[in-house]
There are 2 protein chains.
Amino acid sequence: MAVGKSVPRVDGAAKVTGKARFTDDYSLPGMRVAKYLRSTIAHGRVVRIDTGKARGLPGVDGVFTFEDIPKNVFATAGHPYALDPAYGDVADRLLLTDHIRYAGDEIAVVVAENELTANKALALIEVEYETYRPLVRMDDVLADDATEIHKKTNNIVKEHGFVAGGDWEQARDESDRLIDGVYETQVLQHCHLENHTAYAYMDDLEHIVIVSSTQIPHIVRRVVGQALGLPWSQIRVIKPYIGGGFGNKQDVILEPMVAFLTMQLGGIPIRLRLDREEGMIGTRVRHPFRVNVKVGAQEDGTVKLIDFDALSNTGAYASHGHSIAAAGSAKTHYMYPRAVYRCRARTIYGNFPAAGAMRGYGSPQMTFAVECAMEETARALGMDSVEFRLKNAARPGDRSQITQKPIMSCGLVDCIKKGKELIRWEQKRDDWPGEQTGPVRRGLGLACFSYGSGTYPVCVEAASARISLNQDGSIHLQVGATEIGQGSDTALAQMAAETLGVPFERVHVVSAQDTDVAPFDTGAYASRQTFVGGQAVMRTAQQLKEKILEYVGVINGMTPRDLDILNGDIVVARMPETAVMSLKDVAMDAYYDKNRGGQITAEVSYKTRNNAHVFGCTFVDLEVDIPMCKVNINEIYNVHDCGVVINPLTAAGQVHGGMAMGIGAALFEVLMIDPDSGRIYNNNMLDYKVPTIMDIPDLGAEFVETYEPSNPYGSKALGEPPVLTPAPAIRNAILDATGVAINELPLNPKVLFKHFRAAGLIE
Amino acid sequence: MAVGKSVPRVDGAAKVTGKARFTDDYSLPGMRVAKYLRSTIAHGRVVRIDTGKARGLPGVDGVFTFEDIPKNVFATAGHPYALDPAYGDVADRLLLTDHIRYAGDEIAVVVAENELTANKALALIEVEYETYRPLVRMDDVLADDATEIHKKTNNIVKEHGFVAGGDWEQARDESDRLIDGVYETQVLQHCHLENHTAYAYMDDLEHIVIVSSTQIPHIVRRVVGQALGLPWSQIRVIKPYIGGGFGNKQDVILEPMVAFLTMQLGGIPIRLRLDREEGMIGTRVRHPFRVNVKVGAQEDGTVKLIDFDALSNTGAYASHGHSIAAAGSAKTHYMYPRAVYRCRARTIYGNFPAAGAMRGYGSPQMTFAVECAMEETARALGMDSVEFRLKNAARPGDRSQITQKPIMSCGLVDCIKKGKELIRWEQKRDDWPGEQTGPVRRGLGLACFSYGSGTYPVCVEAASARISLNQDGSIHLQVGATEIGQGSDTALAQMAAETLGVPFERVHVVSAQDTDVAPFDTGAYASRQTFVGGQAVMRTAQQLKEKILEYVGVINGMTPRDLDILNGDIVVARMPETAVMSLKDVAMDAYYDKNRGGQITAEVSYKTRNNAHVFGCTFVDLEVDIPMCKVNINEIYNVHDCGVVINPLTAAGQVHGGMAMGIGAALFEVLMIDPDSGRIYNNNMLDYKVPTIMDIPDLGAEFVETYEPSNPYGSKALGEPPVLTPAPAIRNAILDATGVAINELPLNPKVLFKHFRAAGLIE
């Protein structure tokens, strides 16, 4: 049995030995280099552009400006297509623009025989701007006299609001306390290892082939078709291995441009590759949020209401836009499902790089706000933070306040209890009596989260798989779901092995997706791969197994239902120790008998119509060096309820990665944008402080296994959740240690200094 | 309706604009060059080899000799695997050898950073040989004291014999005349435009990816697995567009070596590319035959028996070996199915490049022999050649003498009549009274052929297809069948369009095969693509249509059987003018409705258990310039019964190509091998005389359409047959013109001179 085992990653050896090939590891003879000309101002308009000198430079194949592009306005967000236009993404992009909306906006593009020539050509393009006042601060964006960043929007992308779970007024009236706080989160960049890169060429007069480092090949196909006004079937997208994405590759960024360029230049192969500095402004960032949270609670600790009022800034272009705030509020609500839940959220534009999807998709921001507010509430009530959470935490059988669907699996209470035990909460509470003094103080903190598994019912959740039986009795598994470093190929291979009854080692995953032949799946996002993809894999494996046993019946006359597959052998179902024949013998007969059989394959395309609730928490024990404004984490644990753990080894890896990312967001990372000029200060890996191995403590990844009945293997989402709670847990522990409640991120020395000085801890 | 129409080739625009990509149009960063060290002698043994200096040359990655290779003896012939070992190919190859069997045998291989370095390294390898007498002439090979080219073979690959269609002795007794002749055919080379080339790399520790110009990707996968002793599933073969093969790429030549080399060198990409000169000796050639034919006939022109005794020489290695003589005799026999048929055939080794598959696969040789003998018989009986053929030609309802299966479609008589009319046989017979004199004389000739469609029941005939419905209502067709320039993608796309009810333009064929994902099919050979592949395409298209109509029922509640698809729209079956919805609307619902549907795809793997008989003939009108020993063709017509013509335009193209190839074999081409040294004289395109457009007359391609019930579209083989009869028709016309019966090929000036002088026509 393969599910539940710590099998090594199917791509592990390939990746550590360098044999795995990424987009840039492919090339085509004669491939050209494309480079963007980016605006030097953050807000304004191009009033004159002269590309004459650039066009005349030897080695330049073409120069294109906003004047040369198709006028199809398109949306870049990596969502499945919505049949209902109300669910559609905001289309506010052209391939190039003369209306500058951030410092780095794409106004022209050069294609040349090499990078040096391309850069020379860029330098020869003359541009004159008309400049407007950059709008970066939320209040500036919303000022009455603010210039519209996008016409007829009032700078607002979208807003929504609702009340769920009961009557808000009544809940407020039943609350003894109403805790009120405002929490702000910063702009972050994903900093995946592999930068964005894509190349395209034409292999006939109509079809465009795009090879891209993307999480969402089938969506790229659609968006490129829309951007260029072509039938989608004329676009072919190939996704090799990719070196991380974290949501930044759940957006269609370079592909429409390379497709356009190859069409313009006779189908020659053209590559567009962003280096780190360009990528950090030219791709996507995390939306900064400002959230006003109210928590209404009774003296006994019962939370009666949770109220959000969130403002999210999507930057220069909508990209995922308001979906971030909407998803963030929706996925957070059933953590405390017995409270009335009110949400108002608004997403605005701003003159900085477009914000898009990033691991957690709005939930890190919302979770930071609610879990800070919950901590404040516990403190206001004089309750132990753990007991307060336990009292209100979701339990099996609770229902989502919004959908009224039951929470079928829920280990939140056990996660909190396990975290408390791991961190030795009670012992440490006894050891550190109340008020600490001195320069270094110790604190404990926790934060809880809830999350979803996929996007249903907001988006369609389709996944497909195809399995073929090889001559040697092994199987090839093709999935539309994309491996992006998270380990989904391994988990899906385990599932296929489990259902088929073949050893895990005999499952080979075709890891690259090619939209011309890959079964349809919308890609890697929303922590959906094993939950949604697993549904398709299970059904495909079952279908293959049925076909195999049926064919054994053709060979030897036995009844398929009397047969089973065990460890790669056909066995008698009631006497599984009796092997009838090997899978290899079945396969060889099917392939090569002259008068019967044929290749045995199976394919299923399946739509998941569930969205399992996932839960967990972070517990942290840390020290704050007040004069140094420095935080040192002693112990930190994430405890997850992700249903059945498909692979403990790779699950722990996911949790470790997410925790490190969460710690980065808590203590170090911020993309610094000058609020007056819109200029970005630190778009490089020296100044943007991604924590290194030296900055990260030992990470404790723990699980409380439940069984989720809406998934055939009992599992739920694990991809994004690990990132959600380190920041609020750390913030709460700093409050615990110092008494200073800091409601913004990151908690880096600069911010701590400001707050510690305001609190009188330092002068 | 798409079948029967002269639609343009699906790959036509891509190929004429240069956008189509062939193996050499792909590269990988860091790719290395491999080059063979080939023996300078034709027969012998390497007694010493020193690669030290070559290994020490900077830029050399590795040098491997016969000492370094795996000891798995394998067969290279591109046949499907045979479950019955009696049908297996002769395994007589290693990757490299110290036992030299032809001038050019592979004894070592160098891998270097570029071609120059590789060539330098080759020059630094020191080799000492022990030499044996080269055996090139058939009689030398069979001499009692001949050295064994392969141990324990007596230099015989295989032999067989049988009598079919009645009692041979009785048939002989009933014959008034027994005509006896010996006919010899030459060694030919395929001379496909694109030389052999392949590269390989590893994308993890186990899997080898091979990109190759091959007709048979799935067979390459198997043979590489066998050659290297690896599970077949660890091999992945990708076939891009290929520039012709004619059977020479129905052999596994370079792929095992590139796979071996990349395994040895850490998985780095390595390319092995043969240039023209190397390829003409290092790949395969056509088997030379010596055939003794006896024809027994009655005075009224009834042929009672046809008797072959054939000797075929496979050269240095078996490759397709005796299959060539076996297929050649089997596919020729039912041309005159009312005669008793006796065959004895033997295939021997010889010290020249290995002979393998080449368009016609033994039939050009056998057809030359029998159609020369038939001409002699007609002349001996004093009968008109046409009347004689018409009297004996196969007719519908005749049965194969060997299989006793009925000939279900047969247009041979009509083909002969049509050819006679086209060439104005009777008028010209009247115009040219009997004996001609003078230096330039005119002659008429004809020759008939029969052929098969695929290899059943000798080999398994499996084909598979997968079709997916795109969002825009178009379809993607994946086939295992390989487009090799012959136009199969176009014919199969027409079939899919026909069965599905969509316009041909909306069918996109995924032309490249990738064995990891392509539906299984053994490849392009034996004129099987449309006959065998069409079976799978038809069933897959039917399955897709059923699924689409079923899903329309899900959408609108209608009964699928009341619906149909017409011109890309869903219509009411009984009122086809009434469109219910477009395929695009069905597809969009299936892909994107949140609560129903899924990607609609279909896949079928099917084994054909028929082998349709095909027929046709060549008529030629030519002049012989006796002093110049030169033949000038005035008119030439091929008339084919290939069942229903799927695409008249591409069918005519096939016939034109085959006729040109047949004329080349008749008048110009021969790979000249020194019978004493085994050295090859003319392995280049200057000295090997492939006819150019200047050497080829206007070619008449005509069809007699029949309906073949064993194929759903009524079609039969057309790929190879056009090459079969130009040579005997031309030989018979020269006999007609000059009275000189020449029983060898080619009929080039040198040969004509010999025979004309012997006949006293020139001094």
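Cut-offs applied
Residues numbered from 1 in each chain as written. Chains lettered and ligands numbered in written order. Predicted model: local features only at pLDDT ≥ 70, side-chain atom pairs only at ≥ 80, totals over all residues. Axes fitted to C-alpha atoms, helices over the stretch in contact; angles between N-to-C directions. Helix = DSSP H or I, 4+ residues; strand = E, 2+ residues; numbered from the N terminus. Parallel < 35°, antiparallel > 145°, perpendicular 65-115°, else oblique. Contact = placed C-beta atoms within 7 Å. Nonpolar A, V, L, I, M, F, W, Y, C, P; charged D, E, K, R; others polar. Domains from an automatic or database assignment. Least-squares fit on C-alpha atoms with pLDDT ≥ 70 in both. Buried ≥ 20, exposed ≤ 12 C-beta atoms within 10 Å, placed from the backbone. pLDDT = per-residue confidence, 0-100. Pairing = 2+ DSSP bridges.

This next bit is on the packing of helix H15 (residues 529–556) of chain B against helix H16 (residues 583–592) of chain B. Residue and element names in this part refer to chain B. The contact between H15 and H16 brings their axes to 10 Å, and the two run at 75 degrees. Between H15 and H16, the angle falls in the class roughly perpendicular. Residue-level inspection shows Ile548, Tyr551, Val552 and Ile555 of H15 in contact with H16, the latter providing Val586, Asp589 and Ala590. For the contact of H15 with H16, the per-class residue count stands at six nonpolar, no polar and one charged.

Moving on, we come to the interface of chain A and chain B. Bring the parts together and some accessible area is lost; that lost area is often taken as the interface size. Listed by partner, the interface residues are 54 residues for chain A and 54 residues for chain B. For the side of chain A that touches chain B, the secondary structure elements donating two or more residues are helix H1 (12–16), strand E17 (462–469), strand E18 (475–479), strand E19 (507–510), helix H16 (583–592) and strand E24 (601–607) of chain A. Ranked by residues supplied to the side of chain A that touches chain B, first place goes to E24 of chain A with five residues. Residues of the side of chain A that touches chain B, tallied by class, amount to 25 nonpolar, 17 polar and twelve charged.

All names here are of chain A. For chain A, the assigned domains are domain 1 (23–132 + 196–273), domain 2 (365–454 + 612–758) and domain 3 (462–607). The partner domain 2 presents four residues to the four residues of domain 1 that form the contact. Residue classes in the side of domain 1 that touches domain 2 are distributed as three nonpolar, one polar and no charged.

Now for the relation of the copies chain A and chain B. If you rotate chain A by 180 degrees and push it 0.1 Å along the axis, it lands on chain B with an RMSD of 0.1 Å. A rotation of that kind, with that shift, is consistent with a two-fold axis. For chain A, the residue whose C-alpha comes nearest the rotation axis is Ser27 of chain A, separated from it by 3.1 Å. When the interface residues of chain A are mapped onto chain B, 100% of them again fall at the interface, so both copies present the same face.

Residues and elements named next belong to chain B. Note on placement: Ala737 falls in helix H18 (residues 726–738). In this structure, the C-alpha to C-alpha distance between Ala737 and Asp24, residues 713 residues apart in sequence, is 48 Å. For Ala737, the residues in contact, after removing those within four places along its chain, are Gln436, Arg441, Arg442, Gly443, Leu622 and Val624.

Let's shift gears to the environment of Lys594 of chain A. Of note, Lys594 of chain A is situated in the loop between H16 and E24. Residue class for Lys594 of chain A comes out buried when judged on the 21 C-beta atoms lying within 10 Å of it. Apart from residues no more than four positions distant in its own chain, Lys594 of chain A is found in contact with Tyr456, Pro457 and Val460 of chain B.

Turning to the confidence of the model for chain A, a few remarks are in order. The predicted model of chain A has a mean per-residue pLDDT of 97, with 100% of residues at 70 or higher. Scoring of the predicted complex yields 0.97 for pTM and 0.97 for ipTM.

The omega torsion of the bond from Tyr456 of chain A to Pro457 of chain A falls at 5 degrees, within 30 degrees of zero and hence cis. For Pro457 of chain A, the location among the structural elements is in the loop between strand E16 (440–451) and E17. The linkage connecting Leu745 of chain B with the following residue, Pro746 of chain B, adopts the cis geometry, with an omega of 0 degrees. Although it is not a glycine, Cys629 of chain A sits at a positive phi angle of roughly 55 degrees. Of note, Cys629 of chain A is situated in the loop between strand E25 (614–625) and strand E26 (630–641).

Here we come to the sheet that holds strand E24 (residues 601–607) of chain B. All names here are of chain B. Spatial strand order, E19-E18-E17-E24: four strands in an open sheet with mixed pairing. Strand pairing shows two members of the sheet lacking a second neighbour, strand E19 (507–510) and E24, which therefore form its edges. Mean inter-strand twist for the sheet, computed between neighbouring axes without regard to direction, equals 20 degrees. With five bridges connecting them, strand E17 (residues 462–469) and strand E18 (residues 475–479) associate as antiparallel partners. Across the sheet, the residue bridging to Ala465 is Val479, located in E18.

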